[in-house]
Amino acid sequence: GNSVTQMEGPVTLSEEAFLTINCTYTATGYPSLFWYVQYPGEGLQLLLKATKADDKGSNKGFEATYRKETTSFHLEKGSVQVSDSAVYFCALSPGNTPLVFGKGTRLSVIA
Amino acid sequence: TAGITQAPTSQILAAGRSMTLRCTQDMRHNAMYWYRQDLGLGLRLIHYSNTAGTTGKGEVPDGYSVSRANTDDFPLTLASAVPSQTSVYFCASSESGADTQYFGPGTRLTVL
């Protein structure tokens, strides 16, 4: 079946630290991959996506590369800010069916 | 553009009562979804609709029903609420089943 596994949080970093949130997936075929972010008290919003192997999605300083050989889509940011504190969800789209989400990773950035 | 609106924002409901959570989108998206979000469990899909007139069951459909009479609206009904349905409910939409989903602000439901 289709599934997403992401690292458990919470993750606490100091401002300007490097961020990595790991995400691996299991899927049949060639899914599209997504990272969503949820700020406190809000719904999820798309952060970035990649639709095929070796694609790199990027937005707001965040990046993730679709690695078919390792079935991974790790989220990275070189220098986090307090405003990046949120819950991050990795997700995949296996085709013409609903997205499959990971359980989310809470990030707290302290000044 | 409003995107997706949900109502109510929050609600406290007595066990055994019925409730309909409303969701409306103005993006003319074909597909719509209902999720519940519980601490430590991430998002779980309740029901979805790939196009007006069709619906499908997600991971946790029991105790919930949906209808999709038109493109814009996708109400979620709890016929007889139970405390385990206490959660935050999110509605989402996408152009098709494989596309980026856009989420509403959520409804916080407490069943006592």
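Structure shown above.
What this report covers is the structure whose coordinates are included nearby. (Residues numbered from 1 in each chain as written. Chains lettered and ligands numbered in written order. Predicted model: local features only at pLDDT ≥ 70, side-chain atom pairs only at ≥ 80, totals over all residues. Heavy atoms only, no water.)

1. Digging into the packing of aromatic side chains
Two numbers describe a pair of aromatic rings. These are the distance of the centres and the angle of the planes.
Stage number 1. According to the stated counting rule, one finds eleven aromatic pairs over all chains in the structure shown.
Stage number 2. What links up through ring pairs into an aromatic cluster is the set A:Phe34, A:Tyr36, A:Phe89, A:Phe101, B:Tyr33, B:Tyr35 and B:Phe103. (Phe/Tyr/Trp six-rings, centres within 6.5 Å; stacked < 30°, edge-to-face > 60°.)

2. A word on the sheet that holds strand β1 (residues 4-7) of chain B
Residue and element names in this part refer to chain B.
Stage number 1. The sheet built from four strands is open, its strands ordered β1-β3-β8-β7 with antiparallel pairing. Looking at strand neighbours, the two that pair on one side only are β1 and β7 (64-66), the edges of this open sheet. When the angles between neighbouring strand axes are averaged without regard to direction, this sheet yields 20°.
Stage number 2. Of the pairings in the sheet, the one linking strand β3 (residues 19-25) to strand β8 (residues 76-78) comprises three bridges and is antiparallel in character. Its bridge partner lying in β8, Leu21 is registered against Leu76. (Pairing = 2+ DSSP bridges. Helix = DSSP H or I, 4+ residues; strand = E, 2+ residues; numbered from the N terminus. Axes fitted to C-alpha atoms, helices over the stretch in contact; angles between N-to-C directions.)

3. What about the side chain of B:His29?
Residue and element names in this part refer to chain B.
Stage number 1. Among the structural elements, His29 can be located in the loop between β3 and β4 (31-38).
Stage number 2. From its side chain, His29 meets the backbone nitrogen of Ser94 in a polar contact 3.5 Å long.
Stage number 3. When neighbours within four sequence positions are excluded, His29 is seen to be in contact with Arg68, Thr71, Ser93, Ser94, Glu95 and Tyr102. (Polar contact = N/O pair within 3.5 Å; in protein donor to acceptor, adjacent residues only side chain to side chain. Contact = heavy atoms within 4.5 Å.)

4. Regarding the state of the cysteines
Linking two cysteines covalently via their sulfur atoms produces the bond known as a disulfide.
Residues and elements named next belong to chain A.
Stage number 1. Under the counting rule described, the total for this entry stands at two disulfides over all chains.
Stage number 2. The side chain of Cys23 participates in a disulfide bridge whose partner is Cys90; the two sulfur atoms lie 1.9 Å from each other. Judged by the sign of its S-S torsion, about -70°, the cystine formed by Cys23 and Cys90 is left-handed. Here Cys23, found in strand β4 (residues 23-26), pairs with Cys90, found in strand β10 (residues 86-93); they are 67 residues apart in sequence, far enough to count as distant.
Stage number 3. Since its relative accessible area comes to 1%, Cys90 is described here as buried. (Disulfide = S-S within 2.5 Å. Buried < 20%, exposed > 50% of the residue type's maximum accessible area, 1.4 Å probe, protein only.)

5. Describing the nonpolar core
All names here are of chain A.
Stage number 1. Trp35, Leu47, Leu48, Phe73, Leu75 and Tyr88 are the most contacted members of the largest nonpolar core, which has 26 residues in total.
Stage number 2. Only β2 (11-14), β3 (19-21), β4, β5 (32-38), β6 (44-50), β8 (62-65), β10 and β12 (105-110) provide two or more residues apiece to this core.
Stage number 3. The dominant element in this core, judged by the number of residues it contributes, is β10, at four residues.
Stage number 4. Among residues more than four places away in sequence, those in contact with Leu47 are Trp35, Tyr36, Val37, Asn59, Lys60, Phe62, Leu75 and Tyr88. (Core = buried A, V, L, I, M, F, W, Y, C linked by side-chain atoms within 4.5 Å.)

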